[in-house]
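Secondary and tertiary structure notes
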Amino acid sequence: MVPVPDLRDRTTLSVITAISVAVICVAVYIIWAFGAYDTHATGTVQFTVQPGWGGGRIAGELQNAGLIRWTWAFIFFENWTHTGDRLQAGTYVLSQRMTPAQIEHIIATGGALSTDITVTIPEGMNVWDIDHLLLRQNIITTPGAFSGAYHAREGYLFPDTYRVPASASAADVATRMEQEFTTRASDYTAQQIVVASILEKEARTADDMALISGIIAKRIAAGMPLQIDATVAYGWCVRTKGFAGSCDVTQAPLVTEVKKDGPYNTYTRTGLPAGPISNPGLTALNAAAHPTVSPYLYYLSTRDGSQIIYAKTLDEQLKNRLKYLGF
């Protein structure tokens, strides 16, 4: 006798098959939805999250930008990781190669592009130089905003490269520079800082700085005027421009200015000038603290500034002036 098929078994098998297919389809869909939008994409997209956007708005904008397929995939991971309250505004570099989970993690952990700017203050800059630099970088908008407020800190603003927020002010920069000085140079005396500020203008190498430091010490001990043009130029800026605006010490009329007595005129007065004339770095500070003892009392720089010529006597110095400077 031929057995009659059990219709109940066939129905059960069909149901199981249908369920299996449905499960597979759902699994494939979920994997597809949770996967990267385009695993072969090569470029990147700058995506900006505006302040106040919640997870739903971010998900919608990501979908509109072609970075995720479905908004619910992003929201799922936001809820799964409980980071909805940590989604941060900013501009992010994203890619279609990223999954919704990866994108959610980047936005939740603040992996945005930095809006900081870099400010490099070279050794030997004075407050007017720094003021001009900050003006060029739009940190200040009015000439003298920095020099007028912080000229009393001349010499104590440590030259270095700083990263500051795009919204930084003159006060922010000054505070960072003062903090760096305290950290790295607070052991130097006030006199050493003045000498170092002069060395920044007089020499380029550590050896020359140390030699000139020794000459300065020797001339002060002998009661001789230092006769340093850089201090006179600084004094000209103080006298004629003040600190409320800009001034370029290289424009000082030295021929006439050396004859005008003042606290920075090291031709008419003995000893050091009234204060620092620039903001020195560690090389100059170290040279000021450790002067080289030598037989020299005089020096001059060649016209191109590439070499410093030393002399033991005034007669030798005058001969060097004629030879190297032509007068």
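Residues numbered from 1 in each chain as written. Predicted model: local features only at pLDDT ≥ 70, side-chain atom pairs only at ≥ 80, totals over all residues. Heavy atoms only, no water.

With respect to the overall build of the chain
- Counting its secondary structure elements, the chain contains 13 helices and six strands.
- Burial statistics for the chain: of 327 residues in total, 41% are counted as buried.
- The contacts of the chain with a sequence gap of at least 6 include a subset with a gap of at least 24, amounting to 62%.
- Total accessible area computed for the chain in this model is approximately 17800 Å², and 56% of it derives from carbon and sulfur atoms. (Helix = DSSP H or I, 4+ residues; strand = E, 2+ residues; numbered from the N terminus. Buried < 20%, exposed > 50% of the residue type's maximum accessible area, 1.4 Å probe, protein only. Contact = heavy atoms within 4.5 Å. Areas by Shrake-Rupley, 256 points an atom, 1.4 Å probe, with all protein chains shown as cover.)

What to know about helix H9 (residues 206-221)
- With 16 residues, H9 should reach 22 Å at 1.5 Å per residue; the first-to-last C-alpha distance of 23 Å fits that figure.
- Looking at the buried residues of H9, the elements they touch are helix H8 (190-202), helix H12 (282-289), strand S5 (298-301) and strand S6 (308-311).
- With its phi angle positive at about 75°, Gly-223 sits one or two positions after the end of H9. (Expected span 1.5 Å × (residues − 1).)

Details of the confidence of the model for the chain
- Chain-level pLDDT for the chain is 89 on average; 89% of the residues reach the 70-or-more range.
- Note on residues 25-29: pLDDT is under 50 here. Beyond four places in sequence and across chains, it has two contacts. (pLDDT = per-residue confidence, 0-100.)

Regarding the pattern of salt bridges
- Applying the stated rule across the entire model yields seven salt bridges.
- Notably, a salt bridge pairs Arg-184 with Glu-180, separated by 3.3 Å at the nearest N-O pair. With a gap of four residues between them, Arg-184 and Glu-180 both fall in helix H7 (residues 170-185), about one helical turn apart.
- Of the charged contacts in the structure, one is a salt bridge between Asp-315 and Lys-319, with a shortest N-O distance of 3.4 Å. Remark: Lys-319 and Asp-315 occur in helix H13 (residues 314-324); sequence separation between them is four residues, near one turn of the helix.
- Residues participating in the shared-partner salt-bridge network are Asp-160, Glu-180 and Arg-184. (Salt bridge = Lys/Arg side-chain N within 4 Å of Asp/Glu carboxyl O.)

What about the side chain of Asp-208?
- Structurally, Asp-208 is set in helix H9.
- Buried charged residue Asp-208 carries no salt bridge. Nearest counter-charge: Arg-204, at 8.3 Å.
- With sequence-adjacent residues up to four places away left out, Asp-208 is seen in contact with Ala-203, Ile-308 and Tyr-310. (Lys, Arg positive; Asp, Glu negative; His and termini not counted.)

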